[in-house]
Amino acid sequence: MERTKLTYDELLNEVDELRYQLEEANDAIDAIRTGQVDALVIQGEEGHQLYTLKTADQTYRMFIEKMNEGAVTINESGLILYANSRFAGMVNIPLEKVIGFPFETFIPAEQQNKYNQLIKSAWKEECKEEIELLSFQHENVSCLLSCNTLELDEGLALSLILTDLTIQKDAERQLKVRNTQLAEAQAATERLNDELEETVKIRTADLLISREHFKLLANNMPQMTWTNLPDGTPNFYNQRWEEYAGFNLLDNNDRRKILIHPDDFELTTEKFNASIQSGEVFEVENRYRRADGTYRWHLNRALPFKDDAGNILFWMGTATDIEEQKRAMEKKDEFIGIASHELKTPITSLKGYLQLISHKKETLPDVVKQYIDKAIISLNKLQRLIDDLLDVSKIQAGRLEYAMHLVDITELVRQCTENARHVYPNYNFENTAETGLVVIGNEERLEQVVMNLINNAVKYSPDDNNVLISAVKRDEQVRVSVTDNGIGLSPEQKERIFERFYRVEDKKYMSSGLGMGLYISKEIINHHLGKIGVDSALGKGSSFYFELPLA
Ligand code: ADP
């Protein structure tokens, strides 16, 4: 037909005709849907065909129309005879464009085979399967397609019910994702667990090795060793203890205590408790009873082992047998005692003769006088050394004894200051002693202490010649101090200077001395139930002091 030849009126007529047909078609579809009409004419290969629905029932169709599932009826050629609005919504196409089309139009290419198979078997028996539906403008819709044959007057038809599985699919997908995540997390946990187990295994092995190693080491050490919990409770003694004491120390709490010599028990417990309290190194010399009943001297030392935060984890102690050294020391002290005693007599007579010569009436040549003065100074030094040696040996033997009387400390300090001014004319001695300070003590011994402190103040102040001597009342005590501006002492030195024969090893300031003065001074002050100490800092001078109870 040559369309260009149609007149305008003819075209208008044609449009009207078409609109009329369309309205008719729409009415027909609506009528079928709502159950007003029970038949449908479809243009097939063999001309027009009329379909009527056997079960045409208005209520039933209304129900189908409102269903949440897509409902479609197809004939044997697969053409859609009926579809509800839900189906049109699923494929996203107006309902009027659905009816009369082959159902396979709405099946994606890759699902065609599956669909054909399903439909083929659906004609024989009821069946259902998941299938994708082409949804124009949207992603494909996953559906469960349930097929049922329907008997129409014109022959068999197939009812297809499509349940939208999108939500289930989504949930399924999410579930899958969650499952995968869960599986991953589980795998990670398992891995972690394995690693942890491995670490624990290694650590346990390490621990075992180190414990065994420690035991082996501890049991083969020549010393007796032990460990304590932070509160001091012992929790390990090495084999040597049992060999020495003749019993197991851990199992015999009470017997363990009587191991310590009764004379050393108090000092040992006192020092040990002080260390547990302060966390500082424990060190004491005491005698332990051997299995055969004899006592041997031991040097005990225990160190605290701390964690990174400084908390004590345990104490590790050693007791070293120093019996031999003690014996050797005793012999040496004995020898020093005898030797210094023997030296005292010739020195005294030597000094006497020198003094006789210097006091002779005849005038001596100046140079001889000078030599005699120098000899007397040296002799005095020698005498002091011998006196100190003798004192030390007496202290060691516990024989430094002296009578106690009332002593005027103010007067004693005055005399010592006078003496110092005489001996060290180049030094300034300031005395600020308060009056009326009386103690019970031994004047000679206390003078020895003050003079020792003054001598040291001079000896260890090479660049400053000021020394301050003071005596003040403090509570019911008198505190005597000698202060210099000399080389001073480091904290470590301060801790050790009262030990016997201890001297600071500084070549620069080395001066004569044997490291006995402060040791003797401490013994004397202890004997007076007093306290001796020092305030000092390296390079800042020192202030040595002692305190005694006032009488
Ligand atoms: P020494 O005979 O060596 O002086 P001491 O027992 O009197 O023996 O002193 C012990 C050590 O203490 C000295 O060697 C010295 O190092 C130190 N010392 C004592 N007094 C002072 C002081 N006033 N200033 C600095 N160091 C001192």
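Here, the structure is the one placed above.
An account of the accompanying structure is given in this report. (Residues numbered from 1 in each chain as written. Predicted model: local features only at pLDDT ≥ 70, side-chain atom pairs only at ≥ 80, totals over all residues. Heavy atoms only, no water.)

## Observations concerning the nonpolar core
In plain terms, the rule: By nonpolar core is meant a set of buried Ala, Val, Leu, Ile, Met, Phe, Trp, Tyr and Cys residues that side-chain atoms within 4.5 Å join together. Using a 1.4 Å probe on the protein chains alone, a residue whose accessible area is under 20% of its type maximum counts as buried, one over 50% counts as exposed, and one in between counts as partly exposed. Starting at the N terminus, helices and strands are each numbered in turn, a helix being any DSSP run of H or I of at least four residues and a strand any DSSP run of E of at least two. Note on contacts: a residue pair is in contact if any heavy atoms of the two residues lie within 4.5 Å.
By size, the foremost hydrophobic cluster in this structure holds 46 residues, and its most contacted members are I409, F429, I454, V478 and F546. At the level of secondary structure, the elements contributing two or more residues to this core comprise α10 (366-397), α11 (409-423), α12 (443-459), β16 (466-474), β17 (477-484), α14 (517-527), β18 (531-536) and β19 (542-549). The residues contacting F546, other than those within four sequence positions of it, are V449, V450, L453, V478, R479, V480, I525, K531 and I532. Formed by 29 residues, the second largest nonpolar core is a distinct cluster that contains I80, A88, M90 and F103.

## Thoughts on the sheet that holds strand β4 (residues 80-83)
Just so we agree on the cut-off: When DSSP finds two or more bridges between two strands, those strands count as paired. For helices, the fitted line uses only the C-alpha atoms of the stretch in contact; every axis is such a line through C-alpha atoms, and the angle between N-to-C directions lies from 0 to 180 degrees.
A sheet is described by the order of its strands in space; here five strands give the open sequence β4-β3-β7-β6-β5, paired in antiparallel fashion. One side of each edge strand has no neighbouring strand; the edge strands of this open sheet are β4 and β5 (127-133). Neighbour-to-neighbour, the strand axes of this sheet turn through a mean angle of 30 degrees, independent of strand direction. Summarising the sheet, strand β6 (residues 141-152) and strand β7 (residues 155-164) pair through 10 bridges and their orientation is antiparallel. Bridge pairing in β7 places N148 opposite S159. Across the sheet, helix α4 (residues 112-122) touches β3 (70-74), β5, β6 and β7, and the angle it forms with β5 is around 155 degrees.

## So, the environment of R86
Along the chain, R86 turns up in helix α3 (residues 85-91). Given the relative accessible area of 26%, R86 is considered partly exposed. Separated by 15 residues in the primary sequence, R86 and A71 place their C-alpha atoms 7.5 Å from one another. In contact with R86, other than residues within four places in its own chain, are M67, N68, E69, G70 and D164.

## Structural notes on the site of the ligand
Rules: Put simply, a residue is near a molecule or strand once any heavy atom of it comes within 4 Å of that molecule or strand. Pairing of N or O atoms within 3.5 Å defines a polar contact, subject to two protein rules: one partner must be a possible hydrogen donor and the other a possible acceptor, and residues neighboring in sequence count only if both atoms are side-chain atoms. Accessible surface area values rest on a Shrake-Rupley calculation with a 1.4 Å probe, where residue burial reflects the displayed protein chains alone.
Within the structure, the ligand sits among 21 residues, and N456, Y460, D484, R503 and L518 are positioned closest to it. At 2.5 Å, a side-chain N or O of R503 approaches an oxygen atom of the ligand. Separating an oxygen atom of the ligand from a backbone N or O atom of L518 is a distance of 2.8 Å. In the complex, 96% of the free accessible area of the ligand, which totals 530 Å², lies under the protein chains. Taken together, the elements giving at least two residues each to the shell around the ligand come down to α12, α14 and β19.

## Section: the pattern of salt bridges
The condition that has to hold: One side-chain nitrogen of Lys or Arg within 4 Å of one carboxyl oxygen of Asp or Glu is enough to make a salt bridge.
Per the stated rule, a full pass over the model turns up 21 salt bridges. With a shortest N-O distance of 2.9 Å, R287 and D264 are connected by a salt bridge. One end of the pair, R287, is in strand β10 (residues 282-289); the other, D264, is in helix α8 (residues 262-278), and 23 residues separate them in sequence. Like R287, the residue D264 is buried in the burial classification. Here the residues in one salt-bridge network are R474, R479, D535 and E547, joined through shared partners.

## A look at the environment of L18
By the element assignment, L18 lies in helix α1 (residues 8-34). Classification of L18 by relative accessible area gives partly exposed; the value is 49%.

## Overview of the sheet that holds strand β8 (residues 224-228)
Strand order in the open sheet formed by five strands is β9-β8-β12-β11-β10, and the pairing between neighbours is antiparallel. With one partner strand each, in any of the chains shown, β9 (234-237) and β10 form the two edges of the open sheet. Shown here is a sheet whose adjacent strand axes are inclined to one another by a mean of 25 degrees, direction ignored. Sheet topology places β10 next to strand β11 (residues 295-306); eight bridges connect them, and they run antiparallel. Among the inter-strand pairings, V284 is bridged to a residue of β11, identified as N300. Each of β8, β10, β11 and β12 (312-321) touches α8; the most contacted strand, β10, lies at about 150 degrees to it. Along the sheet face, helix α9 (residues 323-358) touches β10, β11 and β12 and points at about 120 degrees away from the line of β11.

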